[in-house]
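# Examining the three-dimensional arrangement
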Amino acid sequence: MDGDERRRRTLERARTEGSVDVVRLAAEFAVSKETVRRDLAVLAGHGLVRRTHGGAYPVESAGFETTLAFRTTQHVPEKSRIATAAAGLLGDAETVFVDEGYTPQLIAEALPADRALTVVTASLTVAAALADREHATVLLLGGRVRGGTLATVDHSAVRMLAGFVIDLAYLGANGISRGYGLTTPDPAVGEVKAQAVRSARRVVFAGVRGKFGAVSFCRFAEVADLEAIVTDTGLPAAEARRYSMLGPQVIRAGAPAATG
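Note that residues are indexed from 1 along each chain, following the sequence as it is written. Only residues with pLDDT of at least 70 are given local features in this predicted model, and only at 80 or more are side-chain atom pairs given and counted; all residues enter the totals for whole chains, interfaces and linings. To obtain the side-chain values, all non-hydrogen atoms of the structure were included, while hydrogens and water were left out.

Looking at an unreviewed UniProt entry, one finds the chain named Lactose phosphotransferase system repressor and attributed to Streptantibioticus cattleyicolor. UniProt positions are given in the numbering used here, feature names are shortened, and annotations may be inferred rather than shown by experiment. Check the Function (unreviewed entry) section of the UniProt entry for the chain; it says "Repressor of the lactose catabolism operon. Galactose-6-phosphate is the inducer."

Shown next as structure tokens:
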């Protein structure tokens, strides 16, 4: 087992069980405790776990969801490249759903400003980002506003979304795995996302490498529901192929090549 796979399993275990222990991981992976500590230091450096004495716990799990403000500080270059690649999948879509979250917000900002688009969203920040565009019609779903994410949820949002036929939905998630699909901690959020999947002709998931292998409380879509997955090059090519075998195209957006 190489280091990437070991760290992926460590992160998956942390998110599934709520924490990991250095001694137990060392025994399970048949490596030294120092190797496990280095793995945890790498994961902590990426903002995926927080270290504790003798172990670590996940930054985001079914019982703890990071705020939008926090997300805007994490992996920004990767999220920007993912957003650009995801916006490039627009095709001939005229009606677009843009999910809550920072990566979807960046996708909204990357959509062509000279195209006539109707954008449906539950996100106040997405609506604000597009509100002054001359060629964009923005429809904000009604409902209860969640303070941490500045997005609407509950029956009003779901009912309004159910009345639309959407050409393309851009979705985020707290976790994506081949076994459990796309998941999120809050049932109310999951209902909005699930309705977006039902209402859309095409569905694209966009998220950084740290989302992969994570499993949260509420499942709202299967990997097979997706037309495409857009992530960064931190997702190993072999793992990308495993996801593509379930149906979606997998795009690993990398940094532009250096010129000299």
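## A word on the packing of aromatic side chains
Two rings belonging to Phe, Tyr or Trp (six-membered ring only in the last case) form a pair when the distance between their centres is within 6.5 Å. Interplanar angles under 30 degrees mark stacking, angles over 60 mark edge-to-face geometry, and anything in between is tilted. A full pass over the atoms with the stated rule returns two aromatic pairs. Centroid distance Phe212 to Tyr243: 5.2 Å. Interplanar angle 90°. Geometry classified as edge-to-face. Linking Phe212 in the loop between β12 (200-206) and β13 (218-221) with Tyr243 in helix α10 (residues 237-244), this pair joins segments that are 31 residues apart in sequence. Members of the aromatic cluster, joined through ring pairs, are Phe205, Phe212 and Tyr243. Positioned above the aromatic ring of Tyr243 is the side chain of Arg178, whose terminal nitrogen or guanidinium carbon lies 5.8 Å from the ring centre. Only DSSP runs of H or I with at least four residues qualify as helices, and only runs of E with at least two residues qualify as strands; both kinds are numbered from the N terminus onward. Either the NZ atom of lysine or the CZ atom of arginine qualifies as a charge over a ring when it sits within 6 Å of the ring centre and within 35 degrees of the ring normal.

## Some remarks on the pairing of strand β15 (residues 249-253)
A pair of strands is labelled paired if DSSP reports no fewer than 2 bridges between them. By the bridge criterion, five bridges tie strand β14 (residues 228-232) to β15 in an arrangement that is parallel. Looking across to β15, one finds that Ala228 is bridged to Gln249. What joins β14 to β15 is α10, and the crossover it makes is right-handed. Orienting the strands away from the viewer, one traces the path from the first strand over the helix to the second; a clockwise path indicates a right-handed crossover.

## A look at the pattern of salt bridges
For salt bridges, the criterion is a side-chain nitrogen of Lys or Arg within 4 Å of an Asp or Glu carboxyl oxygen. As enumerated under the stated definition, the model contains 17 salt bridges in all. Residue Asp186 pairs with Arg146 through a salt bridge whose shortest N-O separation is 3.5 Å. Of this pair, Asp186 sits in the loop between β11 (181-184) and α9 (187-199) while Arg146 is found in strand β7 (residues 144-146), placing the two residues 40 residues apart along the sequence. Working definition: with a 1.4 Å probe on protein chains only, accessible area under 20% of the residue-type maximum means buried, over 50% means exposed, and in between means partly exposed. The class for Arg146 is buried, based on a relative accessible area of 12%. Measuring nitrogen to oxygen at the nearest pair gives 3.5 Å for the salt bridge that ties Arg178 to Glu239. On the criterion of sequence distance, the pair formed by Arg178 in the loop between β10 (175-177) and β11 and Glu239 in helix α10 is long-range, its members being 61 residues apart.

## Notes on the nonpolar core
Counting 33 residues, the largest nonpolar core has Phe97, Leu141, Ile176, Leu182, Val192, Phe205 and Ile229 as the members making the most contacts within it. Of all the secondary structure elements, the ones that give two or more residues to this core are α8 (155-162), β9 (166-171), α9, β12, β13 and α10. Here this core takes six residues from α9, the largest share from any one element. Setting aside anything within four residues of it in sequence, one finds Phe97 in contact with Val120, Thr121, Ala122, Leu141, Leu161, Ile166, Leu168, Ala169, Tyr170, Leu171, Val192 and Ala196. By size, the runner-up hydrophobic cluster in this structure holds 25 residues, among which are Ile107, Ala108, Leu111 and Val204. Residues grouped as a nonpolar core are buried Ala, Val, Leu, Ile, Met, Phe, Trp, Tyr and Cys residues, joined through side-chain atoms within 4.5 Å. Throughout, a residue-residue contact means that at least one pair of heavy atoms, one from each residue, lies within 4.5 Å.

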